[in-house]
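Remarks on the overall topology
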Amino acid sequence: QVQLVESGGGLVQAGGSLRLSCAASGRTFSSNAMGWFRQAPGEERTFVASVEWNAIATYYADSVKGRFTISRDNAKNTVYLQMNSLKPEDTAVYYCAASRRDRGFSREYESDYWGQGTHVTVSS
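One structure accompanies this document, and this report is about it. Remember, predicted model here, so these are calculated numbers, not experimental data.

Within a regular strand, the side chains alternate between the two sheet faces. The alternating pattern of strand E7 (residues 68-73) places Phe68, Ile70 and Arg72 on a buried face, while none of Thr69, Ser71 and Asp73, on the opposite face, is buried. The pairing of E7 with strand E8 (residues 78-83) spans six bridges and is classified as antiparallel. Across the sheet, the residue bridging to arginine 72 is valine 79, located in E8.

As structure tokens, this is what we get:
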């Protein structure tokens, strides 16, 4: 059974940092692009960041560029999201996704697998 399990969410003050992890099991995703999406209360799920299979190219939503960094460790079958300079508007449930593509992606329909999500709350 394929699983993506996120961790690292929590409550942080504005300006603080968090590091999210997403550990995959059941199969290897070393040939697949991986990414993060988020869903704020009352809103639709939106793209945050993605990384290509070889970790060379990364892609970000404009709202997080310069503050968030996505990375991956294929040996550990894990993808990370380092979030710095957090803002209250970053409050959301963050979901890990694995794509059928090896290149970057930003659409939900390009994701074949999803994690259950981890909550991030940024207080002002």
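With that out of the way, let us pick up the pattern of salt bridges. Once their charged atoms are close, side chains differing in charge can pair, the charge on each being opposite to the other. Tallied over the full model, the rule gives eight salt bridges. With a closest N to O distance of 2.7 Å, arginine 67 and aspartate 90 form a salt bridge. Here the residue arginine 67 occupies a position in the loop between strand E6 (58-60) and E7, and aspartate 90 occupies one in the loop between E8 and strand E9 (92-99), the gap between them amounting to 23 residues. Between arginine 101 and glutamate 110 there is a salt bridge whose closest N-O contact spans 3.6 Å. Among the residues examined, arginine 101 registers a relative accessible area of 34% and is labelled partly exposed. Judged by its relative accessible area of 11%, glutamate 110 falls in the buried class.

All chains considered together, the criterion is met by one cavity of 30 Å³ or more. Taken as a whole, the largest cavity holds about 40 Å³ of empty space. Along its surface, the largest cavity is lined by Ala24, Phe29, Met34, Arg72, Asn74, Asn77, Thr78 and Val79. In the lining of the largest cavity, the residues fall into four nonpolar, three polar and one charged.

Bringing the sheet that holds strand E3 (residues 18-25) into the picture now. Spatially, E1-E3-E8-E7 is the arrangement adopted by the four strands of the open sheet, whose pairing is antiparallel. For this open sheet the edge positions go to strand E1 (3-7) and E7, each flanked by a neighbour on one side alone. Averaged over all pairs of adjacent strands, the angle between their axes in this sheet comes to 15°, without regard to strand direction. Judged from the five bridges that link them, E1 and E3 form a sheet pairing that is antiparallel. Considered in E3, the bridge of valine 5 is made with alanine 23.

This paragraph deals with the environment of phenylalanine 29. Note that phenylalanine 29 resides in the loop between E3 and strand E4 (34-39). You can call phenylalanine 29 buried: its relative accessible area is 1%. Sequence separation of phenylalanine 29 and histidine 119 is 90 residues, and the distance between their C-alpha atoms is 24 Å.

Cut-offs applied
Residues numbered from 1 in each chain as written. Predicted model: local features only at pLDDT ≥ 70, side-chain atom pairs only at ≥ 80, totals over all residues. Heavy atoms only, no water. Buried < 20%, exposed > 50% of the residue type's maximum accessible area, 1.4 Å probe, protein only. Helix = DSSP H or I, 4+ residues; strand = E, 2+ residues; numbered from the N terminus. Pairing = 2+ DSSP bridges. Salt bridge = Lys/Arg side-chain N within 4 Å of Asp/Glu carboxyl O. 1 Å grid on protein atoms, 1.4 Å probe; cavity = no way out; pocket = protein on both sides within 12 Å on 5 of 7 lines; lining within 4 Å. Points joined across faces, edges and corners; volume = space filled by probe spheres on them. Nonpolar A, V, L, I, M, F, W, Y, C, P; charged D, E, K, R; others polar. Axes fitted to C-alpha atoms, helices over the stretch in contact; angles between N-to-C directions.

Such coordinate-based values are descriptive only and should not be taken to indicate function.
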